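Residue-level structural notes
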Amino acid sequence: MKYFLLALGNPGAEYENTRHNVGRMALENFEHPKVKLIESFEMMNNSGKALKPYLKSKKDIEGLIVIHDDLDLPLRTIKISFNRGAGGHRGVGSVIKAVKSEAFTRLRIGICPTTPSGKLKKPTGDEAVVKFILGKFKPAELAELKKVFKKVCEAITLIVDEGREKAMGEFNK
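Parameters and conventions
- Residues numbered from 1 in each chain as written.
- Predicted model: local features only at pLDDT ≥ 70, side-chain atom pairs only at ≥ 80, totals over all residues.
- Heavy atoms only, no water.
- Pairing = 2+ DSSP bridges.
- Helix = DSSP H or I, 4+ residues; strand = E, 2+ residues; numbered from the N terminus.
- Axes fitted to C-alpha atoms, helices over the stretch in contact; angles between N-to-C directions.
- Contact = heavy atoms within 4.5 Å.
- Core = buried A, V, L, I, M, F, W, Y, C linked by side-chain atoms within 4.5 Å.
- Buried < 20%, exposed > 50% of the residue type's maximum accessible area, 1.4 Å probe, protein only.
- Phe/Tyr/Trp six-rings, centres within 6.5 Å; stacked < 30°, edge-to-face > 60°.
- Lys NZ or Arg CZ within 6 Å of the ring centre and 35° of its normal.
- Nonpolar A, V, L, I, M, F, W, Y, C, P; charged D, E, K, R; others polar.
- Salt bridge = Lys/Arg side-chain N within 4 Å of Asp/Glu carboxyl O.

Turning our attention to the sheet that holds strand β5 (residues 105–112). Taking strand neighbours across the sheet as the criterion, the five strands line up as β2-β1-β3-β5-β4 in an open arrangement whose pairing is mixed. A single partner strand is all that each edge strand has here, and the edge strands are β2 (35–38) and β4 (78–82). This sheet shows a mean twist of 30° between the axes of neighbouring strands, independent of strand direction. In the sheet, strand β1 (residues 3–7) pairs with strand β3 (residues 64–74) via four bridges, with the strands oriented parallel. Along β3, the bridge assignment pairs L5 with I65. Lying on the sheet, helix α6 (residues 164–171) is in contact with β4 and β5; it crosses β4 at an angle near 150°.

Let us now look at the environment of V152. Inspection of the secondary structure assignment puts V152 in helix α5 (residues 139–162). Spatially, the C-alpha atoms of V152 and N46 are 23 Å apart, while their sequence positions differ by 106 residues. Each residue touching V152, except ones within four places of it in the same chain, is listed here: A26, I67, I78, L107 and I109.

Right, let's talk about the nonpolar core for a bit. Of all hydrophobic cores here, the largest spans 34 residues; its most connected members are I67, L107, I109, V152 and I156. Among the elements of the structure, β1, α1 (22–26), β3, β4, β5, α4 (126–133), α5 and α6 are those that each provide at least two residues to this core. Top element by residues in this core is α5. It accounts for ten residues.

Attention now goes to the packing of aromatic side chains. Evaluated as defined, the whole model comprises zero aromatic pairs. The ring of F132 has R19 sitting right over it, with the charged end atom 4.0 Å from the ring centre.

In this section: the packing of α5 against α6. Running from N to C, α5 and α6 cross one another at 150°; their axes reach a closest spacing of 7 Å. Seen from α5, the contacting residues are K151, E154, A155, L158, I159 and E162; seen from α6, they are R164, K166, A167, E170 and F171. Taken together, the residues that form the contact of α5 with α6 break down as five nonpolar, no polar and six charged.

Turning next to the pattern of salt bridges. Inspection of every chain in the model, using the stated rule, returns eight salt bridges. Across the pair R108 and D70 runs a salt bridge whose closest N-O atoms are separated by 3.0 Å. Residue R108 is located in strand β5, and its partner D70 is located in strand β3; the two are separated by 38 residues in the primary sequence. D70 matches R108 in its accessibility class, with the two residues each being buried.

Structure, rendered in structure tokens:
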């Protein structure tokens, strides 16, 4: 199977190190001979446009791995899913619309802070959410993310080398 990897985010220096760009940040040093990295120069909500030249068949779509931020997951966590809806994420919605399918792999990276007891501290209201996801990570969060990015690269490698189900069993804990 051919694998295609799309990391969601916004282009431009003003979006570097923002929570919404965590997918792009995770892949800065990723390489695998069986994976075609697809770089989108579109804004997040139009990310699907970048896929048109690459995905020619249903099998190609099933080989797609989309990496993106997830406000419903705590910082420092990742989750792999397959054949799921956008869950309110407009970048993922753009991908689904572009490929006319949900049958691809999503690797979600948590960006939500937590209380000391582990409860999510999500912002409330559209304006607060936008401000938060477009906000930059704090230096301590960036340090933590280095470990997360290592896990992301390990998860992608496992998906490609041994299959999505094996990777889900290993990383969705």
